[in-house]
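Understanding the architecture of this molecule
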Amino acid sequence: MLDIKWIRENPEALDKALAARGARPLAAEIVDLDEKRRSVVQRLQEMQSRRNAASKEIGIAMGRKDAELAEKLKAEVSEIKTAMPTLETEEREATTALDDLLAGIPNVPLDDVPVGEDEEANVEIRRWGEKPGWNHAAKEHFEIGEALGGMDFERAAKLSGSRFTVLTGAFARLERALGQFMIDMHTTEHGYQEVSPPLLVRDEALFGTGQLPKFSEDLFKASEDRWMIPTAEVPLTNLVSGEILPAEELPLRYSALTYCFRSEAGSAGRDTRGMLRQHQFLKCEMVSITDAESSLDELERMTAAAEDVLKKLGLHYRVMALSTGDMGFSARKTYDIEVWLPGQDTYREISSCSVCGDFQARRMNARYRGKEEKQTRFVHTLNGSGVAVGRALIAVVENYLNEDGSVTVPDVLVPYMGGMTRIEKAK
């Protein structure tokens, strides 16, 4: 969440940031709540001080055998003790109201983020590679997968309902190969430490990264106090929650290949065919924990690592700077990498890399301290897909389609496919 001190000192900047994100102004409401809370806290502190002082004065009065003064002071202490619970309740209520309001406010975009309502205001930064130059017609991944007998949507629906896919044979192996290729690449070439985290997390972890309380409808709740992760960003980032890290250990870079689970509550009717938007999907995630000075450079580094995956797969893509209206709740700046899908004749997001500043760290109470420093500072956090495995599978299948309906396996995946160079219909 945002620093209340910063909000008090920069109310206009907050309302400007909220307006850029399409939200109503809140600075005046926040400052008013904070002033009420601080006023109650000050009154409580004054009463506590007076109660303590009066208690000492009672002892002095009794030592002087001044019974009248002692009784007067006892009455004063009793009156203070009677009044304090009401003020303590007011303080708790004011703090809760302020915390609830702050918890629902999105992060403040950086100055160079494009201002706009939605994806239409996103700005293209660069492109890499070329679209396939074919003589044969493009097809969508589900047409290719079903024709080759490797994607079964009807049986998946029988098992689990819509937005699930059963992959079999070479397609199941292709998904596994892509995931292994990505995690190997990030850990051996890009300096990320592999982590195998829990796929179930508590409320506190989802609050820390910003999914709760505002976006509970996007999540699957597994039990009374545990949720299925929507992304490995949640457990990886929360590895440092509540900790004070030595500055010399930063940056920490983590990567995990996990299944992720999303309700897709806000996407009714969108991408209903195929496996582009699933309730369960495999993703290789990258998370960085840095100091304040390094986080923007780390964003460029992380984005380059995600791009490297697509370059090695030989997939054409573009990088987009997201607008204020299209960015995620916790992000200060986001780059989306969009891969070219010939079957759809369009670009689709395959990776999203974001710098969050100290926004998540404040929610997690994650800090760092330099060797010679007494004061601690909040870490800066970053997260990015490196990349979404299911969408990479879609991109490979559509971009490597041959005229006879088979799919060529990209060179870098051949070792992971046991030497298989082409996916053909099983005979």
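So, here's what we can say about the structure. (Residues numbered from 1 in each chain as written. Predicted model: local features only at pLDDT ≥ 70, side-chain atom pairs only at ≥ 80, totals over all residues. Heavy atoms only, no water.)

Along the chain, Gly386 falls in strand 16 (residues 380–388). Separated by 36 residues in the primary sequence, Gly386 and Ile350 have C-alpha atoms spaced 8.6 Å apart. Dropping the residues within four chain positions of it, Gly386 is found in contact with Met182, His186, Cys284, Glu285, Met286 and Val309. (Helix = DSSP H or I, 4+ residues; strand = E, 2+ residues; numbered from the N terminus. Contact = heavy atoms within 4.5 Å.)

Another point: the pairing of strand 10 (residues 280–290). Remark: a regular strand shows side chains that alternate across the two faces of the sheet. The element strand 10 is extensively covered by neighbouring structure, given that ten of its eleven residues are classed as buried. Sheet topology places strand 9 (residues 252–261) next to strand 10; ten bridges connect them, and they run antiparallel. Looking across to strand 10, one finds that Ser255 is bridged to Met286. Sheet topology note: the strand 10/strand 16 ladder contains seven bridges and is antiparallel. Bridge pairing links Thr290 to His380 in strand 16. (Buried < 20%, exposed > 50% of the residue type's maximum accessible area, 1.4 Å probe, protein only. Pairing = 2+ DSSP bridges.)

On to helix 12 (residues 389–399). Residues spaced three or four apart along an α-helix face the same direction, because each turn holds 3.6 residues. Extensive coverage of helix 12 is indicated by the burial of eleven of its eleven residues. Those residues of helix 12 lying buried are Val389, Gly390, Arg391, Ala392, Leu393, Ile394, Ala395, Val396, Val397, Glu398 and Asn399.

What follows is about the environment of Val41. By secondary structure assignment, the location of Val41 is in helix 3 (residues 27–63). Through-space distance from the C-alpha of Val41 to that of Glu90 is 9.2 Å; in sequence the pair is 49 residues apart.

What follows covers the pattern of salt bridges. For side chains bearing opposite charge, pairing can occur when the charged atoms are close. In total, this model carries 26 salt bridges according to the counting rule given. For Glu124, the salt bridge goes to Arg318, with nearest N and O atoms at 3.8 Å. Note that Glu124 is positioned in strand 1 (residues 123–128) and Arg318 in strand 11 (residues 317–321), a separation of 194 residues in sequence. With relative accessibility at 19%, the residue Arg318 sits in the buried group. The salt bridge partner of Asp358 is Arg362, with a shortest N-O separation of 3.3 Å. Among the residues examined, Asp358 registers a relative accessible area of 26% and is labelled partly exposed. The network of salt bridges with shared partners includes Arg8, Asp34, Arg37 and Arg38. (Salt bridge = Lys/Arg side-chain N within 4 Å of Asp/Glu carboxyl O.)

Turning our attention to the packing of aromatic side chains. Taken as a whole, this structure holds five aromatic pairs when the rule is applied. Ring geometry for Phe215 and Phe329: centres 5.4 Å apart, planes at 70°, overall edge-to-face. Remark: Phe329 occurs in the loop between strand 11 and strand 12 (333–341) and Phe215 occurs in the loop between helix 8 (203–209) and strand 6 (220–223); sequence separation between them is 114 residues. On the accessibility criterion, Phe329 (10% relative accessible area) is buried. Each ring, one from Phe329 and one from Phe359, has its centre 5.6 Å from the other, and the planes form 75°; the classification is edge-to-face. Here Phe329 is found in the loop between strand 11 and strand 12, whereas its partner Phe359 is found in helix 11 (residues 359–364), with 30 residues between them in sequence. Phe359 matches Phe329 in its accessibility class, with the two residues each being buried. (Phe/Tyr/Trp six-rings, centres within 6.5 Å; stacked < 30°, edge-to-face > 60°.)

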